[in-house]
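Residue strings, one per chain:
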Amino acid sequence: MFYSKEEFKEEFTKRLGQDKVPQTAYAVLGAMMKELLEEDWVKTNQLYTESKVKQLYYISIEFLIGRMLVQNLHSLGIFTIVQEGLQELGFNLEELEEMEPEPGLGNGGLGRLAACFMDSLAALQLPGHGCGIRYKGGLFTQQIENGFQTEYPTDWLREIEGWEKRRDDLAVEIPFYGRLHPRHTDIEWVKAVPYDMPIVGASGRTVNTLRLWQAEVSERPLPAYKDFNEYTLETAAISDRLYPDDSLVTGKILRLKQQYFMCSASLQTIIKTLPGPVHELPHQVAIQINDTHPAIAIPELMRILLDEEGLEWEEAWNITTHTISYTNHTILGEAMEKWDSHLLASLVPRVYEIIHEIDRRFKEQLQEQVLKEQEFKKLSIIDDGLVKMAVLAVVGSYKVNGVAELHTDILKNREMKELYRQFPGKFHNKTNGITHRRWLIKANPELTQLITQSIGDDWLKKPILLNDLNKFIIDASFQEALKEVKRAKKNQLIAHVEKSWDSPIDPLSIFDIHIKRFHGYKRQLMNILHIQSLYDRIKEDSTYRPYPRTFFFGGKAAPGYEFAKQVIKLINVIAAKVNQDPLVRSHIHIVFIENYNVSHGERMFPAADISEQISTASKEASGTGNMKFMMNGAITLGTLDGANVEIVERVGKENAFIFGLHSQQIMLLEKHKNYRAQEVIEQSPELKSLMARLLSGELSDGTENISFIRNQLVDLNDPYFVLKDFHSYAAMHEKVLASYEDQGNWQGMSVRNIAESGIFSSDRTIQQYSDDVWDLKKILNVY
Ligand code: T68
């Protein structure tokens, strides 16, 4: 359609007509982009079908894709043409980008990982697609009112037409409820309609598909007992809203409906469009389940193979357990899915029957071994009236992985010890990654340019080559240029933030950033308590006048998670106090970024000096924000948890600020129950005073605002070891300040982090999955 700036301008102007407002410009640009990638999309699909290559389906309840316009411009290799062309026509691409609604179809790391994986699959020209739900409302919009988080619904689809294509021709019917015997009758059918989104590979012609399913009323007859209005409402509810809980299980029937709906729709389509006989499924298809939310795909695939394809149990089981593989993302007890057997039996009776049979056969097999009762219990899929989805996922998969080395070790040696003993060959590690195309090339074009000027542009396609930057660690002019980039990114962030933030931010201050979901184990509480202690010190000690720091927080709390919401309130109360104190505010400043999302992330990671990764060791499966910061030259201030461990291994301890208890120490304290938070407080005058004032309500404008914080720190004995790690955290902050004074050394640390970040590109992760689990072949879309 266009290959040069002039051609673009001509076409764009023609389509724009007289209506030269930004809204129209955005719509015209979007339409041009869609047309541009359409042909490659069709061709990619044809190629996959005709060549009968093995294809991957990545099933995930969340895809936190973020805005697509600029990302797609980059992928199509026309970013510069369009940016400059628009500018010459009097438009600003950044302004147009702001008009794109943000598809917040995920909570946090798990959903964003799925989005990064989609990008890497397409970029590596691998045949892999996503399957999920087209939620009408993504994650809620967060507003801070009087310091409290308030939640507002976000209906992103209503705002503007997106990139997707509705495919009525591919709709399928999903069976819910009913009676099983003598045959399955009284079913409440729900129609699943796919909306396909193109996932454009980087400067290649591969365009894969993210297929999001929408629930609609079926045309099939309703069972006599069912009220039509009720049915209509229940059906719409399935794809109405994303559950706003991360790392928490609520056990609600709607959630189970979403899971089954998404899995059944995806599997039915996969089987229907299979190019060969069904027994060849494992050679034609790989199915990855992203956590246990899609684990119901295992019995659902069995159901299709048994009831619709007429296979015998053994063959169906053999096929299923060679097709599906499972990624675990957590070891937190409250995030482990367990479904009430009665609920499952009522909602999906045939599927439940199959789960029961899987469990029965597995237990029969276990009878041949000598197992302790406790071990047997751990290995039971159905136990105490509950179906344990993680056990089902392991038993029904051919591969099981954790998302960082430490996490996989903890799964093998503790959380899933018994399962690991049964299936040692299934377990493997795949350390997470992030797409450097969004998190470096798109988010930080200034740094991208500096890197390319210094080492050439091969790294764009092979991010591991960022390693070449190691030769610039002590290069003064490179350091100076890097500093300049950081300054520019800080100023851009300030310009963006100051519209909504009333106190001015010092661009020369150290930007210390803590952005992620609010959760006890992520310890935002430790961060804010430390800031309060800095405030006290500045007030009390006239010789303590530290170098200016701006502490940024951003993140949402699950609406029902009172503790986390109180931490948000506490941060905002302390922020108000700190920011208006004339003495203190020139040294420390707090900024709370409202409604933190992917777009905010794109502005914040590049502006950071310090990356706060301070989870209680052993609790954070991997973390991926840590990688985004590192790739943009921020230094990790963190514990030896999740992928931080591997980051530190790469950069060396001297290029990170590591503190706190190790995972082994935490796990021992937990096991022997010999941690006493009260003793830690007693031994420290500083903590004693801090706690007394916290508990009296002095720090939080009222005690009722910290009742859950009090409960956690006092009654629950500080389960995330905030108090225990407090002093080593504070000490490490002092070290940060001292290090920042030596700018030569600091810039060197920053270069080192960027240089070692290539391994954390999701291209590496995806290649490893492909090699070790999926067995995909690279397909070139040339025509
Ligand atoms: C995150 N998990 C891990 N869960 O916490 C993080 N959970 O360490 C890891 O880096 C990331 O996954 C990617 O592997 C989540 O984000 C959820 O969001 C979630 C959502 C629903 C239910 C349970």
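Residues numbered from 1 in each chain as written. Predicted model: local features only at pLDDT ≥ 70, side-chain atom pairs only at ≥ 80, totals over all residues. Heavy atoms only, no water.

- An unreviewed UniProt entry annotates the protein as Alpha-1,4 glucan phosphorylase originating from Planococcus shixiaomingii.
- If you open the UniProt record of the protein and go to Catalytic activity (unreviewed entry), you find "[(1->4)-alpha-D-glucosyl](n) + phosphate = [(1->4)-alpha-D-glucosyl](n-1) + alpha-D-glucose 1-phosphate". (UniProt positions renumbered as here; feature names shortened; annotations may be inferred.)

1. A word on the packing of helix α29 (residues 685–696) against helix α30 (residues 707–715)
- The N-to-C vectors of α29 and α30 enclose an angle of 140°; their axes lie 10 Å apart at closest approach. When the axis of α29 is compared with that of α30, the two are oblique. The hand of the α29/α30 crossing is left-handed. Residues Met-691, Leu-694 and Leu-695 of α29 lie in contact with α30, whose contacting residues are Ile-709, Arg-710, Leu-713 and Val-714. (Axes fitted to C-alpha atoms, helices over the stretch in contact; angles between N-to-C directions. Helix = DSSP H or I, 4+ residues; strand = E, 2+ residues; numbered from the N terminus. Parallel < 35°, antiparallel > 145°, perpendicular 65-115°, else oblique. Left-handed = near helix turned anticlockwise from the far one by under 90°. Contact = heavy atoms within 4.5 Å.)

2. Re the site of the ligand
- With respect to spatial proximity, 18 residues lie near the ligand, and among them Leu-110, His-329, Asn-432, Glu-620 and Gly-623 are the closest.
- In this structure, a nitrogen atom belonging to the ligand sits 3.1 Å away from a main-chain N or O atom of Ser-247.
- Contact distances for the ligand include 2.8 Å between an oxygen atom and a backbone N or O atom of Gly-623.
- For the ligand, whose free accessible area comes to 500 Å², the fraction covered by protein is 95%.
- Tallying contributions element by element places helix α6 (residues 109–123) first for the shell around the ligand, with three residues.
- Here the shell around the ligand is composed, by residue class, of five nonpolar, eight polar and five charged. (Near = heavy atom within 4 Å. Polar contact = N/O pair within 3.5 Å; in protein donor to acceptor, adjacent residues only side chain to side chain. Areas by Shrake-Rupley, 256 points an atom, 1.4 Å probe, with all protein chains shown as cover. Nonpolar A, V, L, I, M, F, W, Y, C, P; charged D, E, K, R; others polar.)

3. Thoughts on helix α26 (residues 644–651)
- Of the positions making up α26, those classed as buried are Asn-644, Glu-646, Ile-647, Val-648 and Val-651.
- The inward-facing, buried residues of α26 abut α17 (405–415), β19 (610–613), α25 (625–631), β20 (635–638), β21 (657–658) and α32 (743–755).
- Downstream of α26 by one or two residues, Gly-652 has phi in the positive range, about 90°. (Buried < 20%, exposed > 50% of the residue type's maximum accessible area, 1.4 Å probe, protein only.)

4. Observations concerning the environment of Gln-258
- Take Gln-258: it is sitting in helix α9 (residues 253–272).
- A residue is classified by how much of its surface remains accessible, and Gln-258, at 0% relative accessible area, is buried.
- In this structure, the C-alpha to C-alpha distance between Gln-258 and Tyr-243, residues 15 residues apart in sequence, is 9.9 Å.
- Residues within four places of Gln-258 in sequence aside, it is in contact with Ile-61, Ile-133, Tyr-135, Ala-237, Ile-238, Arg-241 and Tyr-243.
- For Gln-258, the side chain forms a polar contact with the main-chain oxygen of Ile-238, separated by 3.1 Å.

5. Description of the side chain of Thr-321
- Structurally, Thr-321 can be placed in the loop between α12 (313–320) and β10 (324–327).
- Reaching out from Thr-321, the side chain makes a polar contact with the backbone oxygen of Asn-318 at a distance of 3.4 Å.
- The residues touching Thr-321, leaving out its near neighbours within four places in the chain, are Val-395, Gly-396, Ser-397 and Tyr-398.

6. So, the sheet that holds β20
- Across the sheet, which stays open at both edges, the six strands sit in the order β18-β17-β16-β19-β20-β21 with parallel pairing between neighbours. At either margin of the open sheet sits one strand with a lone partner, and together these are β18 (588–593) and β21.
- Pairing between strand β16 (residues 510–515) and strand β17 (residues 549–554): six bridges, direction parallel. The partner of Ile-513 across the bridge, within β17, is Phe-552.
- Packing against the sheet, α32 makes contact with β19, β20 and β21, and its axis sits at approximately 90° to β20. (Pairing = 2+ DSSP bridges.)

7. Quick notes on the pairing of strand β2 (residues 128–133)
- Counted residue by residue, β2 has six buried out of six residues, so it is predominantly covered.
- Residues Gly-128, Gly-130 and Gly-132 of β2 are buried on one face, and the alternating residues His-129, Cys-131 and Ile-133, pointing to the opposite face, are buried as well.
- Relative to β2, strand β1 (residues 55–59) is paired through four bridges, and the arrangement is parallel. The partner of Ile-59 across the bridge, within β2, is Cys-131.

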